[in-house]
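An overview of the molecular structure
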Amino acid sequence: MVQFYSSAKRAAPRKELTVTIEALDGFGQGVAKHQGKTLFVAGALPGEKVQVLLSEDKRHYARGKATRILTRSPERQSPVCPHFGVCGGCQQQHVSEKLQQQSKREALERQLSHACGQPLQVDEIIRGDSWHYRRRARLSLRWDPRQQVLEMGFRRQGSNAIVSIAQCPVMVQPLSELLPEIQACLSDLEAVRDLGHLELVQADNTRVMVLRHLKPLSASDQQKLERFSQSHQLTLFFAPDSDSLQLLCGEIPYYQSDKLKLYFSPQDFIQVNDKVNQQMVATALRWLDLQPGDRVLDLFCGMGNFTLPLGRVAESIVGVEGVSALVRQGTYNAQQNGMQNVTFWQHDLDQDVSGQPWAEQGFTKVLLDPARGGAAGILSHIIALAPQRIVYVSCNPATLARDSEPLLAAGYTAEQVVMLDMFPHTSHLESMVLFSRP
């Protein structure tokens, strides 16, 4: 038999080693030192001696996963969800709530202190329920031709495969309890092989179900879904594509904030943790110390989560948002709540704002709630406005730390810092900082 030479390199065997974990980073990874480099270990806690299988080995750091716990930490707890470790939704159910909050607090303090050039401490942790807090979820749908079943659930860690679930301990109970019945309904559709995903939202006046379908639904399927929605008091939307939304039955959803009704479309961004959101808005109002003559600028305002509550106190509020649909929704909400002192403008805040009508006005106070990329494009304008107080709401401590530097250089002081425990049992870290000047 003729043998041919192959120059292809064989994959190097994956390294396994034993280390003792020294700390927990803000993302819930154990941190150890090995041969002069930092080693990040998924699934390991401080004080634990673990066996680690390396997945990445760089010059200055390495990553791996704990394959065996040799010495167990007292802060380790049994995950509530049977899918933990497979489902990609939660990363820290094995960590005590105390340690979760401590590690996130320390990560936030470390990044802000480095940016500010002085020690900064978190003054408070704003938190709500540890379980059943998530009022919005998106579930994937896929017909399994081998098993002849509809899979409904969340993506696996690092994969497009679906983890089928019948309940979820972080979803609010009215949505979690509905999952088996929804799956049974969808499994009975003629179009069961042509479904894309499902979105569920718990509003204050209704439960919302949005069904993404890849092909037109038959009249029979529409009737089945409508009967199901009516019997379960659901608001039902169809989404034939990523841009379209069709209301089939039910009420327009809203949530209440500071005695105001904020109506929203299922495509609109809303904070998923209602109890933390309510406290966050109240804290922003207190920090801004609004007076009747204040003019407030709310940047990255969405559909008015902060804007409208601020408008109940200040003389006038201007909200600026890059997504036109959210601007329309914010304007509608202001009208529905009878607020004549609130106006919304559409503008991409990563672009130059000179020449914008709203930018030429004077403001005494500013609130901003940017996406993960931060607010680098608008900071120079905020500084030029010289507001007395600035409240910065952040979902990314790295960009918050970066954006803090020009504010501090302009004479502002980081007066208050809170950590927002918006997503317990996950690696997400949100925060809010009050900047003030003499």
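Reading the values: the criteria
- Residues numbered from 1 in each chain as written.
- Predicted model: local features only at pLDDT ≥ 70, side-chain atom pairs only at ≥ 80, totals over all residues.
- Heavy atoms only, no water.
- Helix = DSSP H or I, 4+ residues; strand = E, 2+ residues; numbered from the N terminus.
- Contact = heavy atoms within 4.5 Å.
- Expected span 1.5 Å × (residues − 1).
- Buried < 20%, exposed > 50% of the residue type's maximum accessible area, 1.4 Å probe, protein only.
- Arc of directions from axis to C-beta.
- Pairing = 2+ DSSP bridges.
- Axes fitted to C-alpha atoms, helices over the stretch in contact; angles between N-to-C directions.

Time to look at the environment of Trp 287. The residue Trp 287 is located in helix 5 (residues 274–288) in this model. In sequence terms Trp 287 and Phe 435 are 148 residues apart; their C-alpha atoms lie 9.4 Å from each other. Residues in contact with Trp 287, not counting those within four places in the same chain, are Arg 389, Val 391, Gln 416, Val 417, Val 418, Met 432, Val 433 and Leu 434.

The end-to-end C-alpha distance of helix 7 (residues 324–336), which contains 13 residues, comes to 18 Å, matching closely the 18 Å that a straight helix rising 1.5 Å per residue would cover. Turning to helix 7, its buried residues number three or more, namely Leu 326, Val 327, Gln 329, Gly 330, Asn 333 and Ala 334. Around the axis of helix 7, the buried residues are gathered within 165° of arc, so they sit on the same side. Exposed and oriented more than 90 degrees from the buried face of helix 7 are Arg 328 and Gln 335. Tucked inside the fold, the buried residues of helix 7 contact strand 16 (260–263), helix 6 (307–311), strand 18 (316–321) and strand 19 (342–346).

Our next topic: the sheet that holds strand 9 (residues 149–155). Overall, mixed pairing links the seven strands, which are arranged 10-9-8-11-12-13-14 in an open sheet. Whereas interior strands pair on both sides, the edge strands pair on one side only; in this sheet they are strand 10 (162–164) and strand 14 (246–249). The average angle at which neighbouring strand axes cross in this sheet is 35°, direction not considered. Bridge analysis of strand 13 (residues 234–239) against strand 14 gives three bridges, and the strand direction is antiparallel. Paired with Phe 237 across the two strands is Leu 247, which belongs to strand 14. Contacting strand 12 (207–213), strand 13 and strand 14, helix 4 (residues 219–231) runs over the sheet at an angle of about 150° to strand 13.

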